[in-house]
Amino acid sequence: MTASRVVVLVSGGGTNLQSLLDAERAGTLGDAAVVGVVSNRPGVRALERAAAAGVPTRVLDHRAFADRAAFDAALRAEVEALGADLVVLAGFMRVLTEGFLAGFVDRVINIHPSLLPAFPGVRGPAQALQYGVKISGCTVHFVDAGLDTGAVIAQAAVPVRDDDTEETLAARILVEEHRLLPAAVADLAGARLRREGRRVHRVP
Ligand code: GAR
């Protein structure tokens, strides 16, 4: 049996973090357990969610660091101290550099609210509406040093409706995020996925 100590990085509301905590409690997160939550913003709701579940929290305010390299080095030390096997970016709104990623090769994943490679970066649902696509969705992917460019692990699609606003489309996508992310974490913790280049396969 493999076991995965999962550290979740957050910046805001933490509904995706909640989906992981709920899945763990329901017994559907496989061999994974959320052992720590780190936020780059103090006072966010995600930290309250972690505390309510009895999960240790840390705050590393990026504004207190001289530059990105210093922040990433401190973040890496914090995540290593928590003993992470897998790092999950769940609404974490900072780009990570090699200084962080080198410590966790193929062990950092992100959830993004678009069907990548369309609409990377911030405000994926707003970008989808602006472009006028009829289908959007969400992506779980490995994190590399690019902006939402790592290999795709899983995707789910939702329709874009004529009367959608950024809020209504984001809410429809979020429902799928909350299903997709725990499933991906369970699959990774159970070693059911293998990456070959850009392609991630289910192990037969
Ligand atoms: C989610 O929709 C997530 O996909 C998105 O931020 C939201 C966080 O919600 N992430 C990005 O846009 C990353 N580029 P949450 O804090 O309630 O999980």
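Look up: the structure comes first, before these words.
Residues numbered from 1 in each chain as written. Predicted model: local features only at pLDDT ≥ 70, side-chain atom pairs only at ≥ 80, totals over all residues. Heavy atoms only, no water.

Lining the immediate surroundings of the ligand are Gly13, Gly14, Thr15, Asn16, Gly91, Met93, Ile111, His112, Pro113, Gly121, Leu174 and Glu177. With respect to the ligand, the backbone of Gly13 contributes an N or O atom lying 3.4 Å from an oxygen atom. The separation between an oxygen atom of the ligand and a polar main-chain atom of Gly14 is 2.8 Å. Bound to the protein, the ligand loses 84% of the 450 Å² it would expose on its own. A breakdown of the residues in the shell around the ligand according to their chemical character gives 4 nonpolar, 7 polar and 1 charged. (Near = heavy atom within 4 Å. Polar contact = N/O pair within 3.5 Å; in protein donor to acceptor, adjacent residues only side chain to side chain. Areas by Shrake-Rupley, 256 points an atom, 1.4 Å probe, with all protein chains shown as cover. Nonpolar A, V, L, I, M, F, W, Y, C, P; charged D, E, K, R; others polar.)

So, about the nonpolar core. Counting residues in hydrophobic clusters, the biggest one holds 42 residues, and the most contacted among them are Val8, Val88, Ile109, Ile153 and Val185. A total of 8 residues in this core trace back to one element, the largest contributor, which is helix α6 (residues 166-189). Leaving out residues up to four positions away in the same chain, Val8 has contacts with Leu17, Leu20, Val34, Gly36, Val37, Val38, Val88 and Ala90. Formed by 19 residues, the second largest nonpolar core is a distinct cluster that contains Val35, Val38, Phe71 and Leu101. (Core = buried A, V, L, I, M, F, W, Y, C linked by side-chain atoms within 4.5 Å. Buried < 20%, exposed > 50% of the residue type's maximum accessible area, 1.4 Å probe, protein only. Helix = DSSP H or I, 4+ residues; strand = E, 2+ residues; numbered from the N terminus. Contact = heavy atoms within 4.5 Å.)

Turning to the packing of helix α5 (residues 124-131) against α6, a few remarks are in order. Close contact between α5 and α6 brings their axes to 9 Å; oriented N to C, the two are set at 120°. With respect to each other, α5 and α6 are oriented oblique. Where α5 crosses over α6, the handedness of that crossing is right-handed. Residues Pro125, Ala126, Ala128 and Leu129 of α5 touch α6, and the partners they reach there are Glu166, Leu169, Ala170 and Ile173. The class makeup of the residues in the contact of α5 with α6 is 7 nonpolar, no polar and 1 charged. (Axes fitted to C-alpha atoms, helices over the stretch in contact; angles between N-to-C directions. Parallel < 35°, antiparallel > 145°, perpendicular 65-115°, else oblique. Left-handed = near helix turned anticlockwise from the far one by under 90°.)

The description of an aromatic ring pair uses the distance of the two centres, along with the angle that the planes make with each other. What the rule picks out here adds up to 3 aromatic pairs. Relative to Phe71, the ring of Phe65 lies with its centre 5.6 Å away and its plane at 75°, an arrangement referred to as edge-to-face. You can call Phe65 partly exposed: its relative accessible area is 25%. With a centroid separation of 5.8 Å and 55° between ring planes, the pair formed by Phe119 and Tyr131 is classed as tilted. Placement of the pair is Phe119 in the loop between β5 (108-112) and α5 and Tyr131 in helix α5, with a sequence separation of 12 residues. Looking at Tyr131, the relative accessible area reads 64%, which means it is exposed. Above the plane of the ring of Phe71 lies Arg94, whose end atom (NZ or CZ) is 5.5 Å from the centre. (Phe/Tyr/Trp six-rings, centres within 6.5 Å; stacked < 30°, edge-to-face > 60°. Lys NZ or Arg CZ within 6 Å of the ring centre and 35° of its normal.)

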